[in-house]
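Chain and residue survey
Residue strings, one per chain:
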Amino acid sequence: MKYLSITLCSSAVLAVILYIFSVPLLNGAGQALVRIDNIQSSDCLVILAGDTTGERMRGAIKLWKKGYAGKIVFWSGSREYSERIFRQMEENEVQRNQILWSDQRLTEDSTYGEALVNIRLLKQVHARSFILVTSDYHTARSGRIYSFLAKKNGMTLCVYPVQSKEVTLDKWWRNPVDRKEVLREWQKTIWYLLRHHE
């Protein structure tokens, strides 16, 4: 009986300790997906696709209005998506000659494939620097991909994280949508690291 009491007590203490330490560890796993740089004036803004709420576009327009860059670059998977972006930009007084875009089919359906297209667009305008605009939980992986390609092409970049309305990183494991996106982002990060040895 005494042994059972000690075992139950020890198990309870261990469970409490694991819970106390698991919360910061899990939150840390979410925050590790975020990259925050000091934003500097650059030649272009690069907006990543995959945003259904328009928050990345709004973040880029905010930086453009503050004069951080003169041109906006993006890849679009469809002409319909492009037209929606053009309308949003025109409503914010961004002229078409300040926008460079492509709807070319990607050689690789991934952030890396999109990056290859955007780097080509940046080279067309002889850009030497750019600001990468994407959702906060996507910045660490996309920043790594673009940093690798930027360095190869003599460019510099900084990453601007836009707070996602779709994914909340604080206590992400408690919400099924947040949990799915965070775990998927980690899966993609590990897959990228395995495939592309920098």
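As shown above, the structure is provided for reference.
An account of the accompanying structure is given in this report. Keep in mind it's a predicted model, so treat the numbers as computed, not measured. (Residues numbered from 1 in each chain as written. Predicted model: local features only at pLDDT ≥ 70, side-chain atom pairs only at ≥ 80, totals over all residues. Heavy atoms only, no water.)

One can describe the packing of helix 2 (residues 55-65) onto helix 3 (residues 79-91) by two numbers: an axis separation of 11 Å at closest approach and a directional angle of 35°. Considering only the axes of helix 2 and helix 3, their crossing is right-handed. Listed contacts from helix 3 to Met57, Arg58 and Ile61 of helix 2 are Ile85, Gln88 and Met89. The residue inventory of the contact of helix 2 with helix 3, partitioned by class, reads four nonpolar, one polar and one charged. (Axes fitted to C-alpha atoms, helices over the stretch in contact; angles between N-to-C directions. Helix = DSSP H or I, 4+ residues; strand = E, 2+ residues; numbered from the N terminus. Left-handed = near helix turned anticlockwise from the far one by under 90°. Contact = heavy atoms within 4.5 Å. Nonpolar A, V, L, I, M, F, W, Y, C, P; charged D, E, K, R; others polar.)

For the structure shown, the criterion picks out six aromatic pairs. Here the aromatic rings of phenylalanine 74 and phenylalanine 86 are separated by 6.0 Å at their centres, their planes lie at 65°, and the arrangement is edge-to-face. With phenylalanine 74 in strand 2 (residues 71-75) and phenylalanine 86 in helix 3, the pair connects residues that are 12 residues apart, well separated along the chain. An identical accessibility class is assigned to phenylalanine 74 and phenylalanine 86; each is buried. Note on phenylalanine 130 and tyrosine 146: the rings are 6.1 Å apart at their centroids and 65° apart in plane angle, and the pair reads as edge-to-face. Within this pair, whereas phenylalanine 130 is found in strand 4 (residues 129-135), its partner tyrosine 146 is found in helix 5 (residues 139-152), the two being separated by 16 residues in sequence. Side by side, phenylalanine 130 and tyrosine 146 carry an identical accessibility label, which is buried. (Phe/Tyr/Trp six-rings, centres within 6.5 Å; stacked < 30°, edge-to-face > 60°. Buried < 20%, exposed > 50% of the residue type's maximum accessible area, 1.4 Å probe, protein only.)

Here we take up the sheet that holds strand 1 (residues 44-47). Strand order across the open sheet formed by five strands is 3-2-1-4-5, with parallel pairing between neighbours. A single partner strand is all that each edge strand has here, and the edge strands are strand 3 (99-102) and strand 5 (156-162). Neighbouring strand axes in the sheet, compared pairwise and without regard to direction, differ in orientation by 20° on average. Sheet topology places strand 2 next to strand 3; four bridges connect them, and they run parallel. (Pairing = 2+ DSSP bridges.)

A few words on the pattern of salt bridges. For the structure shown, the criterion picks out six salt bridges. Taking the shortest distance from any N to any O, the salt bridge between arginine 96 and glutamate 83 comes out at 3.6 Å. Here the residue arginine 96 occupies a position in the loop between helix 3 and strand 3, and glutamate 83 occupies one in helix 3, the gap between them amounting to 13 residues. We classify arginine 96 as partly exposed; its relative accessible area is 42%. Several salt bridges share partner residues, and in doing so they unite Glu83, Glu90 and Arg96 into one network. (Salt bridge = Lys/Arg side-chain N within 4 Å of Asp/Glu carboxyl O.)

For the rest of this paragraph, the subject is the nonpolar core. Residues Val46, Leu122, Phe130, Leu132 and Tyr146 are the most contacted members of the largest nonpolar core, which totals 25 residues. For this core, the secondary-structure elements that each account for two or more residues are strand 1, strand 2, helix 4 (111-124), strand 4, helix 5 and strand 5. The element best represented in this core is helix 4, accounting for six residues. Every residue in contact with leucine 122, bar those within four places of it in the chain, is listed here: Cys44, Val46, Val73, Ala127, Phe130 and Met155. One finds Met57, Trp64, Ile131 and Tyr160 within the second-largest nonpolar core, a separate group that totals 21 residues. (Core = buried A, V, L, I, M, F, W, Y, C linked by side-chain atoms within 4.5 Å.)

Moving on, we come to unusual backbone geometry. The backbone of histidine 126 shows a phi angle near 55°, a positive value even though the residue is not glycine. In this structure, histidine 126 sits in the loop between helix 4 and strand 4. Its relative accessible area of 64% is what places histidine 126 among the exposed residues. Unusually for a residue other than glycine, lysine 171 sits at a positive phi of about 55°.

Burial analysis of strand 2 places four of its five residues in the buried class, which makes it a mostly covered element. Judged from the four bridges that link them, strand 1 and strand 2 form a sheet pairing that is parallel. Paired with cysteine 44 across the strands is lysine 71, a residue of strand 2. As for the winding sense of the linkage, the β-α-β connection from strand 2 through helix 3 to strand 3 is right-handed. (Right-handed = clockwise from strand over helix to strand, strands pointing away.)

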